[in-house]
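Geometric and topological summary
Here's the letter readout for the chains.
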Amino acid sequence: MSQFNLTIKPAQIEIILKPNSTHTRAYEITNNSSETIQLTTSIVPWIPSDNSGSVIYLDTQETTLGISLSNADLKLGQDFLIKPNQKKQLVLKIKNIANDENDHYLTFFITQKPINSNSNHQNLAKIGSNILVSTTNENIITSNLEISQFNVSPSIKDIFSNIKINGEIYNKGNHYDHINGQIIISKNGQIYWENNLFPYTITTHNSRLLHCLNSNNEPQLCQLKIPIWPGVYEGKIIIHGNNSNNEYTFNFFVFPYLIVIITLISFIFLMNLLKIKKRPSSKNKVC
Amino acid sequence: MTYLFFPIPYAANAQQFSSSSYKINWGNFNMTSGLKKSTNYQLTDTVGQNAPGYSEKNGIAIKAGFQYIYDTFTELSFSIDKLNINFGTLEPGIGVTDTNLLIVTTPSGRGYQITAQENHPLWISPNHFIPDTTCDANNCTITSSAPWTQNDKFGFGFNVSGVGATGYFINSTYYRPFASIYNNHTPAIIISENLPVKEREAIITYRVLVSSVQSAGDYQNYITYTLTPKY
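Every chain begins its residue count from 1, and numbering advances along the sequence as written. Ligands are numbered from 1 and chains lettered from A, in the order in which they are written. Reporting in this predicted model follows two pLDDT cut-offs: at least 70 for local features of residues, and 80 or more for side-chain atom pairs to be given and counted; totals over whole chains, interfaces and linings ignore these cut-offs and use all residues.

Attention shifts here to the overall build of chain A. Within chain A, the regular secondary structure consists of two helices and 22 strands. Taking 19 Å as the expected radius of gyration for a compact globule of 287 residues, we find that chain A reaches 29 Å, considerably beyond that expectation. Burial is judged by counting other C-beta atoms within 10 Å of a residue's own C-beta: 20 or more means buried, 12 or fewer means exposed, and anything between counts as partly exposed, with every C-beta placed from the backbone. Per-residue burial over chain A gives 29% buried out of 287 residues. It is the C-beta atoms, placed from the backbone, that decide contacts: two residues are in contact if theirs lie within 7 Å. Look at the contacts in chain A between residues 6 or more apart in sequence, and 67% of them connect residues 24 or more apart. Secondary structure elements follow DSSP: runs of H or I of four or more residues count as helices, runs of E of two or more count as strands, with numbering from the N terminus. Here the radius of gyration uses the C-alpha set of atoms, whereas the globule reference equals 2.2 Å times the residue count to the power 0.38.

The helix and strand tally for chain B stands at zero helices and 17 strands. Looking at the 231 residues of chain B, the share that counts as buried comes to 34%. Long-range contacts, defined as pairs at least 24 residues apart, comprise 67% of the intrachain contacts of chain B with a sequence gap of at least 6.

All names here are of chain A. By secondary structure assignment, the location of isoleucine 29 is in strand β3 (residues 22-31). Residue isoleucine 29 is classed as buried on the basis of its 21 C-beta neighbours within 10 Å. Placed 195 residues apart in sequence, isoleucine 29 and leucine 224 show a C-alpha to C-alpha distance of 41 Å.

With that settled, the discussion passes to the sheet that holds β3(A). Criterion used throughout: strands pair if DSSP finds at least two bridges between them. Read across the sheet, eight strands follow the order β6(A)-β8(A)-β3(A)-β1(A)-β7(B)-β8(B)-β16(B)-β13(B) without closing on themselves; strand pairing throughout is antiparallel. Every other strand in the sheet has two partners, leaving β6 (66-69) of chain A together with β13 (155-161) of chain B as the edge strands with one partner each. Pairwise comparison of adjacent strand axes, ignoring direction, gives a mean angle of 20 degrees for this sheet. In the sheet, strand β7 (residues 76-80) of chain B pairs with strand β8 (residues 96-105) of chain B via four bridges, with the strands oriented antiparallel. Across the sheet, residue Ser79(B) finds its bridge partner in β8(B), namely Ile103(B). Axis angles are defined between N-to-C directions and span 0 to 180 degrees, where every axis is a line fitted to C-alpha atoms and, for a helix, only to the segment in contact.

All right, on to the nonpolar core then. As used here, a nonpolar core is made of buried Ala, Val, Leu, Ile, Met, Phe, Trp, Tyr and Cys residues. They are joined through C-beta atoms within 7 Å. Grouped together as the largest cluster of nonpolar side chains are 64 residues, with contacts concentrated most on Ile127(A), Tyr225(B) and Leu227(B). The contact partners of Ile127(A), leaving out residues within four places of it in the chain, are Leu6(A), Ile8(A), Ile110(A), Leu76(B), Phe78(B) and Leu227(B). With 20 residues, the next largest nonpolar core counts Leu197(A), Leu210(A), Ile228(A) and Tyr233(A) among its residues.

So, about the pairing of strand β12 (residues 164-171) of chain A. Residues and elements named next belong to chain A. In β12, alternate side chains face the same way, and those of Ile165, Gly167, Ile169 and Asn171 are buried while those of Lys164, Asn166, Glu168 and Tyr170 on the opposite face are not. Across seven bridges, the pairing between strand β11 (residues 145-153) and β12 is antiparallel. Across the sheet, residue asparagine 151 finds its bridge partner in β12, namely asparagine 166. Strand direction decides the pairing type here: β12 and strand β20 (residues 222-223), joined by two bridges, are antiparallel. Each residue of the ladder has a partner; that of isoleucine 165, found in β20, is cysteine 222. Note: β12 against strand β17 (residues 207-209), three bridges, orientation antiparallel. Residue tyrosine 170 lies in a different strand from β17, and its bridge partner there is serine 207.

Chain A puts 41 residues into the contact, and the matching count from chain B is 39 residues. Secondary-structure elements contributing two or more residues to the side of chain A that touches chain B are β1 (4-9), β2 (12-17), β3, β5 (55-57) and β10 (124-135) of chain A. Ranked by residues supplied to the side of chain A that touches chain B, first place goes to β10(A) with eight residues. Each residue gets one label: Ala, Val, Leu, Ile, Met, Phe, Trp, Tyr, Cys and Pro are nonpolar, Asp, Glu, Lys and Arg are charged, and the others, such as Gly, are polar. Here the side of chain A that touches chain B is composed, by residue class, of 16 nonpolar, 20 polar and five charged. Sheet topology note: the β10(A)/strand β17 (residues 223-229) of chain B ladder contains four bridges and is parallel. The partner of Ala125(A) across the bridge, within β17(B), is Tyr225(B).

Bringing unusual backbone geometry into the picture now. Residue and element names in this part refer to chain A. Cis rather than trans, the peptide bond between lysine 9 and proline 10 has omega equal to 0 degrees. Its place among the elements puts proline 10 in the loop between β1 and β2. Residue isoleucine 226 is joined to proline 227 through a cis peptide bond whose omega torsion reads -5 degrees. Examined against the element boundaries, proline 227 turns out to sit in the loop between β20 and β21 (231-240). Residues other than glycine seldom take positive phi values, yet asparagine 20 does so here, at roughly 65 degrees. Tracing the backbone shows asparagine 20 in the loop between β2 and β3. The backbone phi angle of glutamine 149 is positive, close to 50 degrees, even though this residue is not glycine. In this structure, glutamine 149 sits in strand β11.

Tracing the backbone through its elements, the reader meets Pro126(B) in the loop between β10 (123-125) and β11 (128-129). C-alpha separation for the pair Pro126(B) and Thr106(B), spaced 20 residues apart in sequence, amounts to 39 Å.

Here we take up the environment of Asn188(A). Residues and elements named next belong to chain A. Following the sequence through the fold, asparagine 188 ends up in the loop between β14 (181-187) and β15 (190-196). Assessed through the 10 C-beta atoms surrounding it within 10 Å, asparagine 188 is described here as exposed. It is 42 Å that separates the C-alpha atoms of asparagine 188 and proline 48, two residues lying 140 residues apart in sequence.

This part is about the confidence of the model for chain B. All names here are of chain B. Residue-level pLDDT values for chain B average 80, and 68% of them are 70 or greater. Note: pLDDT gives the predictor's confidence per residue, expressed from 0 to 100. This stretch, residues 63-72, has a pLDDT under 50; its non-local contacts, to residues over four places away or in other chains, come to 22 contacts. If you check the scores for this complex, the pTM reads 0.81 and the ipTM reads 0.85.

Structure below.
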């Protein structure tokens, strides 16, 4: 049985707050271990560090939002205990007090603390839930996503090669947004393959890798199944915005290179074999 | 009985209990709610919820009713098998190891990252410490691992094995030192994955190697592991 085993739910919340409005959210913290643990809470701001959703935490706990716990018996930063296999509900209140047009990216941390001072050399664990807040006066936040770093690989597309559609989606807007779009591949005017894009959250002025949504609602590479019939394919990526759609078109050519090369090599080999068989021997010539 | 307290946009929807000396305002008072299952059917319900369903006002979206907790798998879980690592009595020139097992489950659609940070090097006091490893060729750092196999390269470091650690540690001979609060390091990522995982395991191997001139005593520190979902 693990000495530390904690669950937090939800793992992420995304909210839009108008000036002076407040959002209240209940978090469920579960101690799945066989020992009573002491925990404390904190809020730490972060910035995105790459195009895959990783973050870097800032060396500050300051935020221009008003954040507190609404629990009657607990304040933010105050220690509390959870007994084995027990749950605790923490109610977080977030108020837009700055009234600015901005995005706030934070993590609500639940941090383990040693129960007695003699245990000050034991390893500790923290678990966090992301909070993405857009503070705005607007009724509708305008979506402004665009495709970047786009490519279809490999460069030589054979009927037996896994054709991957790669790229990033960049958020030019001033608030976080979600990808809402599709990839459609057509051949001779008929839809050959289509897939929804995974609805990643993209922070402002940042990008996320382009992934498709699989049947389990999980992200996966956007990849065509082999074999792919030879010919010219037209592709279209549609990003749905709240005002208009952003479309990106591309095309690629698939040819049975491997079959042709094998056939050619076999043909040349056979031709050479036939030539050798047909050629009269040098002894006969001398005679 | 289960009850739920949600912020309700209209005051008229709240329940109120009152007498001559007190008044209690309830945001909501459910009669029953939850997930019911049979062989062929699954039902989620909330009876007594004020204004159940999705509502939005003044820029705040509210999903009222317990059904909404079932719409996605939203839990993030983190377990560590043991919190005390004891290397026992160290002998000069002989590396000693111990391990931790970390297990992670992430919500649907999200990867994760785990960072690690020590409070300070293994020490009795700031002047009597075991240095953090710099590996065989003095080329590992808090963010970059390198081979550490030689018995005359003294220090304390760690290796991680598991699917999420392959980008940080090539194999089990690769080690690196922990980021340290004492040295003003920010926590360093030691494991990460872009896709969601269920009960993903990673093994941390701690290694300590001391010289014959190392002072005798109890050397201690602690490591903080932080799990966060990718946004």
